[in-house]
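Tertiary structure, described
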Amino acid sequence: PACTQEEVNKVMDAAKVAQKAWARTPLWKRAELLHKAAAILKEHKTPIAECLVKEIAKPAKDAVSEVVRSGDLVSYTAEEGVRILGEGKLLVSDSFPGNERNKYCLSSKVPLGVVLAIPPFNYPVNLAVSKIGPALIAGNSLVLKPPTQGAVAALHMVHCFHLAGFPKGLISCVTGKGSEIGDFLTMHPGVNCISFTGGDTGIAISKKAGMVPLQMELGGKDACIVLEDADLDLVAANIVKGGFSYSGQRCTAVKVVLIMEAVADTVVEKVNAKLAKLKVGPPEDDSDITPVVTESSANFIEGLVMDAKEKGATFCQEYRREGNLIWPLLLDHVRPDMRIAWEEPFGPVLPVIRINSVEEGIHHCNASNFGLQGCVFTRDINKAIMISDAMESGTVQINSAPARGPDHFPFQGLKDSGIGSQGITNSINMMTKVKSTVINLP
Ligand code: G3P
């Protein structure tokens with residue numbers, strides 16, 4: 001359904017009422033319900049995965065993994081929540097100059113109220129529960145605005161929470177057009193926190209949102225720096241996995257390879273050999289490369305490819321597109337004047353820039369407006385750490401492609417890649433506020 005603004009108002013009112021009672025529900029009971037929801041979610045993995053296959057063309061195996069991973073995330077969140085929210089702090093006054101020990105400050109974490117969660121199309125279930133779980137365990141209510149592509153999977157996932165017995169109004173899913181309810185939701189006075197994952201829209205939201213905490217993950221141009229001493233088979237395997245899983249439609253996909261000239265030919269050859277083996281086709285057949293999410297997305301990718309062609313990039317494969325299906329493409333000898341050197345295609349097209357020094361690679365990485373993740377391949381751990389320190393990215397992976405998981409790891413972007421840090425513990429903390437009570441002795 002395309003919800004109206006009046007319907008959004010009703011959901012917000014219900015969320016506000018439900019949250020008050022939920023905040024008084026014992027923490028262990030909140031955790032118990034989350035564990036139940038996690039189990040139901042896993043039981044429903046087949047129908048939810050089918051939705052993901054049909055709605056967002058996620059390869060069948062990956063779709064099932066997304067649901068199972070989501071159930072595990074919810075369970076872990078319940079366990080982490082009872083630990084970190086079950087602890088408070090006691091401060092005494094005489095550690096600050098001029099004070100006697102006559103004040104005792106008790107502080108603990110309390111919920112924010114109503115959390116608005118907006119996940120992207122590429123993980124409509126997993127990146128929804130990564131917001132829902134922390135919000136609920138911390139005593140908040142939650143309103144989910146799922147992506148248009150992925151909305152049916154998200155509704156089914158929310159239904160699992162309802163089946164688990166969460167109180168009415170505590171978790172709602174509002175589907176509809178961004179043009180009708182997008183700004184209305186993000187600027188709604190009933191919202192006390194926004195957790196968003198997606199693209200540029202997040203920057204617009206951050207400018208319009210009120211005085212509420214924001215958690216944002218807005219994409220990246222993850223660089224893969226390859227040194228001469230790297231294990232080149234490992235490099236090739238990770239470039240293919242990192243750059244082409246789910247047809248490159250991941251914020252953490254490898255989006256530019258910065259490789260030392262001396263090993264570039266060998267790695268390009270190894271990557272091409274692997275790309276030739278990828279299965280291209282419909283998601284139902286568990287193809288590796290499936291159609292990208294929309295026609296406009298495919299057109300955008302094509303625009304980047306054509307720009308690179310005009311400016312002289314080397315095409316390692318012939319460019320091929322049928323509708324929204326784009327065959328995997330490696331572009332070698334990409335130069336900084338090409339759009340694809342900087343923009344994220346969110347598709348199965350990967351640029352390779354040959355470098356003559358590590359500094360050149362770090363410079364390219366840091367000149368990006370993004371700073372989500374990056375990776376470096378070398379057998380020299382000292383060099384790897386120094387490069388990691390120099391890269392302006394929220395996370396740097398040594399000898400592996402970028403990835404958000406395991407889902408309890410901190411996940412954050414610098415610059416235009418986001419605000420705040422995700423990961424289970426960080427999200428729980430972010431969706432709470434510190435509340436203090438001070439006991440004053442006579
Ligand atoms: O694009 C979403 C981003 O969070 C990637 O997640 O698990 O594919 O690294 P993952």
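A short note on the overall build of the protein
- A tally of helices and strands in the protein yields 14 helices and 22 strands.
- Against the compact-globule benchmark of 22 Å for 442 residues, the protein has a radius of gyration of 23 Å, which places it among compact chains.
- Its C-alpha atoms give the protein principal-axis dimensions of roughly 75 × 55 × 35 Å.
- Relative to its full complement of 442 residues, the protein shows a buried share of 55%.
- Residue pairs in contact within the protein that sit at least 24 positions apart in sequence constitute 72% of those at least 6 positions apart.
- Element-wise, carbon and sulfur atoms account for 55% of the exposed surface of the protein, whose accessible area totals about 18,700 Å².

Points about the layout of surface pockets
- Within this model, the largest pocket holds a volume of roughly 1,100 Å³.
- Residue lining of the largest pocket: 40 residues in total, with Phe196, Gly198, Gly199, Asp200 and Thr201 positioned closest to the centre.
- Looking at the lining of the largest pocket, the elements that each hand over two or more residues are α7 (178-186), β6 (193-197), α8 (201-208) and α11 (295-310).
- It is α7 that provides the largest number of residues to the lining of the largest pocket, a total of five residues.
- Volume-wise, the second largest pocket comes out at about 490 Å³.
- Taken together, 22 residues line the second largest pocket, and the ones lying closest to its centre are Arg69, Tyr123, Ser245, Arg250 and Ala403.

Here's the deal with the pattern of salt bridges
- As enumerated under the stated definition, the model contains 17 salt bridges in all.
- In this structure, a network of salt bridges that share partners links the residues Glu261, Asp265, Asp332 and Arg354.

Some points on the pairing of strand β16 (residues 373-377)
- Burial within β16 is extensive, with five of its five residues counted as buried.
- The two faces of β16 match: Gln373, Cys375 and Phe377 on one face and Gly374 and Val376 on the other face are all buried.
- Two strands pair when backbone bridges link them, and β16 and strand β17 (residues 395-398) are joined in this way by four bridges, in the parallel orientation. From the neighbouring strand, Gln373 faces β17, where its bridge partner is Thr395.
- The β-α-β motif built from β16, the intervening helix α13 (residues 381-390) and the parallel element β17 has right-handed crossover chirality.

Regarding the side chain of Ser421
- Mapped onto the fold, Ser421 is located in strand β21 (residues 421-422).
- At a separation of 2.8 Å, a polar atom in the side chain of Ser421 contacts the side chain of Asn426.
- Look past the residues within four positions of Ser421 in its chain and what remains in contact with it is Gln215, Pro410, Phe411, Gln412, Asn426 and Ser427.

As for the site of the ligand
- Neighbouring the ligand are the residues Arg69, Asn122, Tyr123, Leu127, Glu217, Arg250, Cys251, Thr252, Ala403, Arg404 and Phe411.
- Between Cys251 and the ligand, the recorded distance is 2.6 Å, taken from a backbone N or O atom to an oxygen atom.
- Coverage of the ligand by the protein chains reaches 98% of its 300 Å² of free accessible surface.
- Taken together, the residues of the shell around the ligand break down into five nonpolar, two polar and four charged.

Description of the sheet that holds strand β2 (residues 103-111)
- A sheet is described by the order of its strands in space; here three strands give the open sequence β1-β2-β22, paired in antiparallel fashion. Each edge of the open sheet is held by one strand with a lone partner, namely β1 (89-92) and β22 (432-440). Direction aside, neighbouring strands of the sheet carry axes that sit 25° apart on average.
- Relative to β2, β1 runs antiparallel, the two sharing four bridges. The residue bridging Leu90 from the neighbouring strand is Leu106, located in β2.

Section: a nonpolar patch on the surface
- On the surface, Leu90, Leu106, Ile439 and Leu441 cluster together into a nonpolar patch covering about 340 Å² of accessible area.
- Structurally, Leu90 is set in strand β1.

Observations concerning the packing of helix α2 (residues 27-43) against helix α6 (residues 151-164)
- Two elements in contact, α2 and α6, have axes separated by 8 Å at closest approach and are oriented at 130°. Between α2 and α6, the crossing angle belongs to the class labelled oblique. For the crossing formed where α2 meets α6, the hand is right-handed. On α6, the residues touching Leu33, Leu34, Lys36, Ala37, Ile40 and Leu41 of α2 are Met157, Cys160, Phe161, Leu163 and Ala164.
- For the contact of α2 with α6, the class distribution of residues is ten nonpolar, no polar and one charged.

A few points about empty space enclosed by the protein
- Under the defined criterion, the tally for this structure stands at four cavities of 30 Å³ or more.
- If you add up the space inside the largest cavity, you get close to 100 Å³.
- Every residue lining the largest cavity is listed: Leu73, Leu127, Ser130, Arg404, Pro406, Asp407, Phe409, Phe411, Gln422, Gly423, Ile424 and Ser427.
- Elements represented by at least two residues in the lining of the largest cavity include exactly α5 (126-137) and α14 (424-430).

Description of the side chain of Arg30
- Tracing the sequence through the fold places Arg30 in helix α2.
- Buried charge without a partner: Arg30 forms no salt bridge, and the closest opposite charge is Glu32, 12 Å away.
- At 3.1 Å, the side chain of Arg30 and the backbone oxygen of Thr25 are in polar contact.
- There is a polar contact of 2.6 Å between the side chain of Arg30 and the backbone oxygen of Ile137.

What counts as what
Residues numbered from 1 in each chain as written. Predicted model: local features only at pLDDT ≥ 70, side-chain atom pairs only at ≥ 80, totals over all residues. Heavy atoms only, no water. Helix = DSSP H or I, 4+ residues; strand = E, 2+ residues; numbered from the N terminus. Rg over C-alpha atoms; globule rule 2.2 N^0.38 Å. Buried < 20%, exposed > 50% of the residue type's maximum accessible area, 1.4 Å probe, protein only. Contact = heavy atoms within 4.5 Å. Areas by Shrake-Rupley, 256 points an atom, 1.4 Å probe, with all protein chains shown as cover. 1 Å grid on protein atoms, 1.4 Å probe; cavity = no way out; pocket = protein on both sides within 12 Å on 5 of 7 lines; lining within 4 Å. Points joined across faces, edges and corners; volume = space filled by probe spheres on them. Salt bridge = Lys/Arg side-chain N within 4 Å of Asp/Glu carboxyl O. Pairing = 2+ DSSP bridges. Right-handed = clockwise from strand over helix to strand, strands pointing away. Polar contact = N/O pair within 3.5 Å; in protein donor to acceptor, adjacent residues only side chain to side chain. Near = heavy atom within 4 Å. Nonpolar A, V, L, I, M, F, W, Y, C, P; charged D, E, K, R; others polar. Axes fitted to C-alpha atoms, helices over the stretch in contact; angles between N-to-C directions. Patch = residues over 30% accessible without salt bridge, like charges linked within 9 Å, V, L, I, M, F, W, Y side chains within 5 Å. Parallel < 35°, antiparallel > 145°, perpendicular 65-115°, else oblique. Left-handed = near helix turned anticlockwise from the far one by under 90°. Lys, Arg positive; Asp, Glu negative; His and termini not counted.

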